[in-house]
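# Report on the structure
One-letter residues, chain by chain:
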Amino acid sequence: MDSVGAKLLLIRSSPFAMSCALALRQKGVKFEEVPENLSARSDLLLRSNPVYKQVPVLIHNGKAVSQSLVILEYIEEAWPPSNNTPSLLPGSAYDRSLSRFWADFINKKFIETGLKLMKRFGEEHATARKEIVEQFITLEEGMRAIGSVGPYFLGQKMSLADLALVPLVPWFTSFEALGDLKFPGPEQCGRMHEWLKAMREDPDVVASVPTADWLLNYTVSFREYIKKHYPGGL
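Residues numbered from 1 in each chain as written. Predicted model: local features only at pLDDT ≥ 70, side-chain atom pairs only at ≥ 80, totals over all residues. Heavy atoms only, no water.

## Describing the UniProt feature "domain: GST C-terminal" (unreviewed entry) in the chain
Stated formally: UniProt positions are given in the numbering used here, feature names are shortened, and annotations may be inferred rather than shown by experiment. Each helix is a run of H or I in the DSSP string that is no shorter than four residues. Each strand is a run of E no shorter than two, and both are numbered from the N terminus.
Within this numbering scheme, the UniProt entry marks residues 92–230 as carrying the feature "domain: GST C-terminal" (unreviewed entry). In the segment residues 92–230, helix accounts for 76% and strand for 0%; the C-alpha atoms at its two ends are 47 Å apart.

See below:
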């Protein structure tokens, strides 16, 4: 499906922007990626998201939508399911609630904990190292409890939970390096590794996220910058 006037304001490393880019590609929406610089925010970003002044922001038909989970819901409604357009939500009300629950957990807990590995030092960094592994296991247990046959979070089709979790594809290596940790392997977290394999092989995912090597170089360099200029962390 085509789209007129769809733009996504983003920075390449933003996990939340990756989710929105994947959602648009899953829907078959043609859109323009507009890179932003958070050290010198553009007038377009400040006008489009005057409250948070952050990416991602989706501009569609001249109207701005911000906050990634809100953007994902907007995409689902603005480009509704059809024969040629997949749904980003499962069919039943209960499964839709599960997808939303896990997307919220991923955004507010898992991704935010991972970002602390880059931005925090000392006791806060040590706490994040412990919590990120615990939350990885929680996601594994969540998939198992749902009981669906993979490879995706709720079964055979992507949903909001998968879109929220897609940043893990490039960030996996960075989280391990920044935290000097190892995530549990396939023998302990088989569903998570099945999910990672499927997502890494999906062409829409590949187009929506940076490479793991690029992101690792970026995050290590950014952590050194924070350590030098903000020794207390961000």
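## Regarding the pattern of salt bridges
Keep this limit in mind: One side-chain nitrogen of Lys or Arg within 4 Å of one carboxyl oxygen of Asp or Glu is enough to make a salt bridge. Note on classification: 1.4 Å probe, protein chains only; a residue is buried when its accessible area is under 20% of the maximum for its type, exposed when over 50%, partly exposed between these limits.
Tallying each qualifying case throughout the model produces 10 salt bridges. Across the salt bridge formed by Glu-33 and Arg-25, the nearest N and O atoms sit 3.2 Å from each other. On the basis of relative accessibility, which here comes to 35%, the residue Glu-33 falls in the partly exposed class. Residue classification places Arg-25 among the partly exposed residues on the basis of a relative accessible area of 23%. For Lys-130, the salt bridge identified is with Glu-134, shortest N-O distance 2.6 Å.

## Points about the environment of Thr-85
By secondary structure assignment, the location of Thr-85 is in the loop between helix H3 (68–78) and helix H4 (93–119). Residues Thr-85 and Lys-27, spaced 58 residues apart in sequence, show a C-alpha to C-alpha distance of 5.5 Å.

## Looking at H3
Think of an α-helix as 3.6 residues a turn; residues three or four steps apart then line up on the same face. Rules: Along the arc lie the directions from the helix axis toward the C-beta atoms. Throughout, a contact is declared for two residues whenever any of their heavy atoms are within 4.5 Å.
Looking only at H3, the buried set comprises Ser-68, Ile-71, Leu-72, Ile-75 and Glu-76. What you see down the axis of H3 is that its buried residues fit within an arc of 140°, all on one side. For H3, the elements touching its buried residues are helix H1 (15–26), strand E3 (57–60), strand E4 (63–66), H4 and helix H6 (160–165).

## Examining the environment of Pro-56
Assignment of secondary structure puts Pro-56 in the loop between helix H2 (43–48) and E3. Using a relative accessible area of 4% as the deciding quantity, one classes Pro-56 as buried. Expressed as a C-alpha distance, the spacing of Pro-56 and Ser-68, which sit 12 residues apart in the sequence, is 6.5 Å. If near-sequence neighbours (up to four positions away) are discounted, Pro-56 is found in contact with Leu-8, Leu-9, Ser-14, Phe-16, Ala-17, Cys-20, Val-65, Ser-66, Gln-67, Ser-68 and Ile-71.

## Brief notes about H4
Rules: Here the expected length of a helix is defined as 1.5 Å per residue gap, with one fewer gap than residues. The bend reported for a residue corresponds to the angle between axes fitted to the seven residues ending at that residue and the seven starting there.
In this model H4 runs 38 Å from its N-terminal to its C-terminal C-alpha over 27 residues, within 8% of the 39 Å that 1.5 Å per residue would give. Within H4, the axis deviates most sharply at Ile-106, by approximately 40°.

## Considerations on the sheet that holds strand E1 (residues 7–10)
Basically, it comes down to this: Paired strands are those between which DSSP finds at least two bridges. Geometry is summarised by axes, namely lines fitted to C-alpha atoms with helices restricted to the contacting stretch, and by angles between N-to-C directions that run from 0 to 180 degrees.
Pairing in this open sheet of four strands is mixed, and the strands run E2-E1-E3-E4 from one edge to the other. Single-partner strands in this sheet number two, and they are strand E2 (32–35) and E4. The mean angle between the axes of side-by-side strands here comes to 25°, regardless of whether they run parallel or antiparallel. Bridge count for E1 against E2 is four bridges, and the pairing is parallel. Residue Lys-7 lies in a different strand from E2, and its bridge partner there is Glu-32. Against the sheet, H1 contacts E1, E2 and E3, and its axis sits at roughly 160° relative to E1.

## So, the nonpolar core
Operational definition: In plain words, nonpolar cores are sets of buried Ala, Val, Leu, Ile, Met, Phe, Trp, Tyr and Cys residues tied together by side-chain atoms within 4.5 Å.
Ranked by size, the top nonpolar core spans 64 residues in total, and within it Phe-110, Leu-139, Phe-153, Leu-165, Leu-168 and Met-199 carry the most contacts. Breaking this core down by element, the ones donating at least two residues are E1, H1, H3, H4, helix H5 (122–146), H6, helix H7 (168–179) and helix H8 (190–201). A total of 10 residues in this core trace back to one element, the largest contributor, which is H4. Leave out the neighbours within four places in its chain, and Leu-168 touches Phe-110, Phe-136, Phe-175, Met-192, Trp-195 and Leu-196. Listed in part, the seven residues of the second largest apolar core include Leu-9, Val-34, Val-57 and Ile-59.

## Observations concerning the side chain of Ser-68
Summarising the element assignment, Ser-68 is placed in helix H3. Residue contacts for Ser-68: discarding those within four places in its chain leaves Phe-16, Cys-20, Pro-56 and Asn-107.

## Some details on a nonpolar patch on the surface
Put simply, the test is: Each patch is built from residues lacking any salt bridge and having more than 30% relative accessible area; the joining distance is 9 Å for like charges and 5 Å for nonpolar side chains (Val, Leu, Ile, Met, Phe, Trp, Tyr). Using a 1.4 Å probe, the Shrake-Rupley method yields the accessible areas, and only the shown protein chains count as cover for residues.
A surface patch of nonpolar side chains, amounting to about 290 Å² of accessible area, comprises Tyr-225, Tyr-230 and Leu-234. Position of Leu-234 relative to the elements: it lies in the segment after helix H10 (212–229).

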